[in-house]
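# Residue-level structural notes
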Amino acid sequence: LLLSFCFYQPDEREIQSLSAEIESLKNPQDLSSSPRLDELREENAKLKYRLNILKRSLQEERTYCSKSMMNINQRLQEVFGEAIRASCPELDNPPLAVTPNQQAKFGDYQCNSAMAMAQMLKAKGIKVNPREIAEKIVQNLPDNELTQKTEIAGPGFINIHLKRSFVSKLLSNLLINGVQPPPLASKKRVVVDFSSPNIAKEMHVGHLRSTIIGESMSRLFEFLGHDVLRLNHVGDWGTQFGMLIAHLQDKFPDYLTVSPPISDLQAFYKESKKRFDEEEDFKKRAYQCVVRLQSKEPDFIKAWNLICDVSRREFQKVYDCLDIQIIERGESFYQEMMTEVVKEFEEKGLLQLDEGRKVVFVPGQPIPLTVVKSDGGYTYDTSDLAAIRQRIFDEKADVIIYVTDSGQGTHFQVVFAAAQMIGWYDPQVTRVEHAGFGVVLGEDKKKFKTRSGDTVRLMDLLEEGLKRSMDKLKEKERDKVLSQEELIKAQRSVAFGCIKYADLSHNRINDYVFSFDKMLDDRGNTAAYLLYAFTRIRSIARLANIDEATLRKAAETTEVILDHDKEWKLGKCILRFPEILQKILDDLLLHTLCDYLYELATTFTEFYDSCYCVEKDRQTGEVVKVNMWRMLLCEATAAVMAKGFDILGINPVQRM
């Protein structure tokens, strides 16, 4: 078996004792006779040799016996980091730069640290040629399981060639154990605040972006082994509820006993707003309703709950379509906590009076936070401070991410700074971040609206997506080969997959143009292309009559050969998956995963066009030869694509 060497387990204690023995031999007491010195040197060399073999065996055991996928880039950084520190001990914190090589002829990875190190040494008054530093780094490279050879190029680039046997064993590991996350240093409590629509208002395309991005981020953190709490900070409190309750009392006076048949809450909201703006008596009554709601009078709480429930049912339709799991925790949840927040800022002398308002000025921030209005009411600033405090102290969050449009960037910047100023968290310990995104534009490059200029309802958009994806499937005559059930599954997979992918494949910081035609195009970097590619890869084994049990057995007994350039390119591309996830974890930019999946699909196509997986008789079409190691490369590609889709919230189907 490929992994049989896992049963050899070098003892850590043996390594320690050998290391101690080498140290003692460095300072021998009796060096009077030359033959004795030669004998000691020979003994020292033998011990060093044995120590290196044991170290390498231990590293190989950790690598190949672990079920986790290895982050090759990270492992190379460990190896080169050790060499860099040994080469230039005079540099504190020397730069460590290891990246995948863009051109195969220069190797697989590249270390570019030598040039930056030369600059740092120059600043210390030491002039060294970067190429000399690169040579020193290469000389100091420890024995390791992954590098075949290194070459120094140009002014001091170190080109790194990986061992093919190493890549082959990692691929076998992936095939046997599935796509497992890299080892986790520590499990973190992660709060992701996303979606956040307003009660009594329709969800629109802005909520679509927040919902899709937030869900995908949550899935990424979960896959990597963290404990994720998805929170929906809905707008379910405030003065607008006064006019809604007053209008409810007039329109459905028996609302306490008979559930009011409000089918269109948006229209209901517009009616109440019109009355609020035009009828003075209604406006006064609306304010009284707010006071009575805030006093928690049962009849008013019931009216408020009725309105919230109508909205919740509408939101849930969207969440069901997009396969979103989220816990609602609206502004109302933090009402009682706001008093405590104001009290704490007051006690610490951080509140100032400003024209009747109580405000918090944070040094270095462009605007103050208003925590109490001149009429004594609280604001968004107060509820956001209460929310961050609750998440830090009650939820014990290590990471808090807010997914809203970039327009709220300054607001969150000030809220975070205030929370740090009062001592709620240290940014070195707790990661609190605003993941902002741009607006959705129509094909005219203006803000996405209906022809009449209204905001586009999210459910209308999703239904249009379903209609268009069915048209696309019928255009490809899939209705003639798929059962009705398979067709409906394919329709939903394509429609919602394309809408999600179109959003996630753009850098979230930028605005993006919403176009059904582009997102349903099965050419280029689209979900339609990737879903069709995935279905084709999955069908290769089926068409060759190879069942799952045969593939499982082959994964354990067949070496993945990587002799052909396209096999080698695909194998390395598959194994870059953990590196991609680590990058997204650092910058929260999910388009990197979309770019990677597209690269993986196109790299697979190159491989499939050049390397026969299944050879058939040209006359009869019968399978005459199966190149099993290539079938395993197909399986590994599909497994990584499936996990990538899962993180993006896309559900591929077996047949399309």
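Since we're looking at a predicted model, the values are computed, not measured.

### Remarks on the overall build of the chain
For the chain, the count of helices and strands is 23 helices and 16 strands. Viewed in the frame of its principal axes, the chain has a C-alpha envelope of about 110 × 80 × 45 Å. Within the chain, the proportion of its 656 residues that are buried is 50%. By sequence separation, contacts in the chain at least 24 residues apart represent 74% of the contacts at least 6 residues apart.

### Looking at the pairing of strand E12 (residues 431–434)
Consecutive side chains of a regular strand alternate in pointing toward one face of the sheet and then the other. Along E12, the buried face is formed by Val432 and His434; none of Arg431 and Glu433, which line the opposite face, is buried. By the bridge criterion, four bridges tie strand E11 (residues 399–402) to E12 in an arrangement that is parallel. Opposite isoleucine 401, over in E12, you have glutamate 433 as the bridge partner. Considered for its hand, the β-α-β crossover made up of E11, helix H14 (residues 409–421) and E12 is right-handed.

### Thoughts on the domain arrangement of the chain
One widely used convention gives an interface's size as the accessible area the parts lose upon coming together. The domain boundaries assigned to the chain delineate domain 1 (66–162), domain 2 (239–328) and domain 3 (352–437). Relative to domain 3, the C-alpha centre of domain 2 lies at a distance of 28 Å.

### Observations regarding the UniProt feature "domain: Arginyl tRNA synthetase N-terminal" (unreviewed entry) in the chain
Mapped onto the present numbering, the UniProt feature "domain: Arginyl tRNA synthetase N-terminal" (unreviewed entry) falls at residues 74–162. A distance of 14 Å separates the end C-alpha atoms of residues 74–162, which is 39% helix and 21% strand.

### Focus: the side chain of serine 311
Among the secondary structure elements, serine 311 is positioned in helix H11 (residues 298–322). Excluding residues that lie within four positions of it along the chain, serine 311 makes contacts with Ile199, Ala200, Lys201 and Leu265.

### Regarding the sheet that holds E12
In space, the five strands of this open sheet follow the order E7-E6-E5-E11-E12, with parallel pairing throughout. In the strand order of this sheet, the two ends are held by strand E7 (327–328) and E12, each with one partner. As paired strands, strand E5 (residues 189–193) and strand E6 (residues 227–232) are joined by five bridges and run parallel to one another. Paired with aspartate 193 across the strands is leucine 231, a residue of E6. Along the sheet, helix H7 (residues 205–223) contacts E5, E6 and E11; its crossing angle with E6, the most-contacted strand, is approximately 165 degrees. In the packing of H14 onto the sheet, the strands contacted are E11 and E12, and the crossing angle to E12 comes to about 160 degrees.

### Quick notes on the nonpolar core
Within the largest apolar cluster, 166 residues are counted, with the highest numbers of intra-cluster contacts made by Ile72, Phe80, Phe577 and Leu593. Once residues within four sequence positions are removed from consideration, phenylalanine 577 is found in contact with Met69, Val179, Phe223, Leu593, Tyr596, Val640, Lys643, Gly644 and Ile647. Listed in part, the 35 residues of the second largest apolar core include Leu229, Met337, Leu351 and Phe416.

### Observations concerning the pattern of salt bridges
In total, this model carries 47 salt bridges according to the counting rule given. Residues lysine 149 and glutamate 151 are paired through a salt bridge, measuring 3.3 Å at the closest nitrogen-oxygen approach. A single salt-bridge network, built from bridges that share partners, covers Glu215, Arg219, Glu222, Arg230, Asp323, Lys643 and Asp646.

### Concerning the environment of glycine 330
Among the structural elements, glycine 330 can be located in the loop between E7 and helix H12 (335–347). Sequence separation between glycine 330 and leucine 351 is 21 residues; the distance between their C-alpha atoms is 26 Å. Among residues more than four places away in sequence, those in contact with glycine 330 are Asn232, His233, Val234 and Asp236.

### So, the sheet that holds strand E1 (residues 98–100)
Across the sheet, which stays open at both edges, the four strands sit in the order E1-E2-E4-E3 with antiparallel pairing between neighbours. Edge positions in the sheet fall to E1 and strand E3 (147–153), since each of these pairs with one other strand and no more. Recorded for the sheet is a direction-independent mean angle of 25 degrees between the axes of neighbouring strands. Bridging between strand E2 (residues 109–111) and strand E4 (residues 157–162) involves three bridges; their strand directions are antiparallel. Residue cysteine 111 lies in a different strand from E4, and its bridge partner there is isoleucine 158.

### As for the confidence of the model for the chain
Fine structural detail should not be taken from predicted coordinates in areas where pLDDT scores are low. With 93% of its residues at a pLDDT of 70 or more, the chain shows a mean pLDDT of 90. This model gives residues 1–10 a pLDDT under 50, and the stretch forms 23 contacts once residues within four places in sequence are excluded.

### A closer look at the pairing of strand E16 (residues 623–626)
The pairing of strand E15 (residues 614–616) with E16 spans three bridges and is antiparallel. Each residue of the ladder has a partner; that of glutamate 615, found in E16, is lysine 625. In this structure, the hairpin formed by E15 and E16 is closed by a connection of six residues, where glycine 621 is found at a positive phi of approximately 80 degrees.

### A short note on the packing of aromatic side chains
Under the criterion given, the structure shown has 16 aromatic pairs. Taking 5.9 Å as the distance between ring centres and 35 degrees as the angle between the ring planes, the aromatic pair formed by phenylalanine 412 and phenylalanine 416 counts as tilted. Residue phenylalanine 412 and its partner phenylalanine 416 are both found in helix H14; the two are separated by four residues, about one turn of the helix. Taking relative accessible area as the criterion, phenylalanine 416 reaches 8% and is therefore assigned buried. Residues phenylalanine 514 and phenylalanine 516 carry aromatic rings whose centres are separated by 5.1 Å and whose planes lie at 85 degrees to one another, so their mutual orientation is edge-to-face. Pair check on accessibility: phenylalanine 514 and phenylalanine 516 agree, each one buried. The ring of phenylalanine 276 has lysine 283 lying over it, and the distance from NZ or CZ to the ring centre is 5.4 Å.

### A look at the packing of helix H4 (residues 113–123) against helix H5 (residues 130–139)
Across the interface, H4 lies against H5 with an axial gap of 8 Å and an inter-helix angle of 115 degrees. Here the hand of the crossing between H4 and H5 comes out right-handed. Between H4 and H5, the contacting residues are Ala114, Met115, Met117, Ala118 and Leu121 on the first element and Pro130, Ile133, Ala134 and Ile137 on the second.

### Here we look at empty space enclosed by the protein
Enumeration according to the criterion identifies two cavities of 30 Å³ or more in this entry. Taken as a whole, the largest cavity encloses approximately 60 Å³ of empty space. Around the largest cavity, the lining residues are Lys67, Ser68, Met69, Met70, Leu170, Asn173, Leu174, Gly178 and Leu575. Ranked by the residues each element gives to the lining of the largest cavity, the list is headed by helix H6 (residues 164–177), at three residues. Of the residues belonging to the lining of the largest cavity, the class tally is five nonpolar, three polar and one charged. Its boundaries defined by the atoms lining it, the second largest cavity holds a volume of some 40 Å³. Together, Arg209, Ile213, Asp503, Leu504, His506, Arg508, Leu588, Leu590 and His591 line the second largest cavity. Among the elements of the structure, H7 and helix H16 (484–504) are those that each provide at least two residues to the lining of the second largest cavity. For the lining of the second largest cavity, the per-class residue count stands at four nonpolar, two polar and three charged.

What counts and how
Residues numbered from 1 in each chain as written. Predicted model: local features only at pLDDT ≥ 70, side-chain atom pairs only at ≥ 80, totals over all residues. Heavy atoms only, no water. Helix = DSSP H or I, 4+ residues; strand = E, 2+ residues; numbered from the N terminus. Buried < 20%, exposed > 50% of the residue type's maximum accessible area, 1.4 Å probe, protein only. Contact = heavy atoms within 4.5 Å. Pairing = 2+ DSSP bridges. Right-handed = clockwise from strand over helix to strand, strands pointing away. Domains from an automatic or database assignment. UniProt positions renumbered as here; feature names shortened; annotations may be inferred. Axes fitted to C-alpha atoms, helices over the stretch in contact; angles between N-to-C directions. Core = buried A, V, L, I, M, F, W, Y, C linked by side-chain atoms within 4.5 Å. Salt bridge = Lys/Arg side-chain N within 4 Å of Asp/Glu carboxyl O. pLDDT = per-residue confidence, 0-100. Phe/Tyr/Trp six-rings, centres within 6.5 Å; stacked < 30°, edge-to-face > 60°. Lys NZ or Arg CZ within 6 Å of the ring centre and 35° of its normal. Left-handed = near helix turned anticlockwise from the far one by under 90°. 1 Å grid on protein atoms, 1.4 Å probe; cavity = no way out; pocket = protein on both sides within 12 Å on 5 of 7 lines; lining within 4 Å. Points joined across faces, edges and corners; volume = space filled by probe spheres on them. Nonpolar A, V, L, I, M, F, W, Y, C, P; charged D, E, K, R; others polar.

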